[in-house]
Amino acid sequence: METEEQARNRFQAELEFIQCLANPNYLNFLAQRGFLRERTFINYLKYLLYWKEPEYAKFLKYPHCLHMLELLQYEHFRKELVNAQCAKFIDEQQLLHWQHYSRKRTRLQQALAEQQQQAQQPPHGNAAAK
């Protein structure tokens, strides 16, 4: 039976590990050293899928790791990660995604601020003169 302290330590270790999966260079490192071919490691990756549940996912700082965890369930993806060019491509795609997300979020925030500013302005016309 696991003690409360052991459970907390396991939670923290798994949280740190699963977030490392968001780093394609780390995935390439794991693949090149053969971890992604080991049945026990593959089973561990399957076990970690519970992090997709909202009560656990809320603790993630890098939620992109969940997508990588999902992809790691596929043998073809695990095999491709041995290639450094694959990891580089994923890294570039992540960067493009984050840049696009950041620009889109900024535009949405600006539009919302403009709408709020317009809503706070008094109406124009004769109603104020009466």
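Our structure's up above, just so we're on the same page.
Residues numbered from 1 in each chain as written. Predicted model: local features only at pLDDT ≥ 70, side-chain atom pairs only at ≥ 80, totals over all residues. Heavy atoms only, no water.

Next up on the list: the pattern of salt bridges. If charged atoms from side chains of opposite charge come close, those side chains can pair. Following the criterion strictly, the structure yields 5 salt bridges and no others. Across the pair Arg-10 and Glu-2 runs a salt bridge whose closest N-O atoms are separated by 3.0 Å. Here Lys-79 ties to Glu-75 by a salt bridge, and the two come within 3.2 Å at their closest N and O atoms. Of the two residues, Lys-79 and Glu-75 both sit in helix H6 (residues 75-80), 4 residues apart, roughly one turn of that helix. Residue Lys-79 is classed as exposed on the basis of its relative accessible area of 55%. (Salt bridge = Lys/Arg side-chain N within 4 Å of Asp/Glu carboxyl O. Helix = DSSP H or I, 4+ residues; strand = E, 2+ residues; numbered from the N terminus. Buried < 20%, exposed > 50% of the residue type's maximum accessible area, 1.4 Å probe, protein only.)

Next up on the list: the nonpolar core. Nonpolar side chains in soluble globular proteins generally cluster together in the buried interior. Within the largest apolar cluster, 23 residues are counted, with the highest numbers of intra-cluster contacts made by Ile-18, Leu-21, Leu-36, Leu-45, Leu-72 and Leu-81. Where this core is concerned, the elements lending two or more residues are helix H1 (4-20), helix H2 (24-32), helix H3 (39-47), helix H5 (64-71) and helix H7 (84-120). In terms of residue count, the dominant contributor to this core is H5 (4 residues). Setting aside residues no more than four positions away along its own chain, Leu-36 makes contact with Leu-27, Leu-30, Ala-31, Phe-41, Ile-42, Leu-45, Leu-72, Arg-78 and Leu-81. (Core = buried A, V, L, I, M, F, W, Y, C linked by side-chain atoms within 4.5 Å. Contact = heavy atoms within 4.5 Å.)

If you trace the backbone, Gln-109 turns up in helix H7. Judged by relative accessible area, Gln-109 falls into the partly exposed class, the value being 45%. Separated by 34 residues in the primary sequence, Gln-109 and Glu-75 have C-alpha atoms spaced 41 Å apart.

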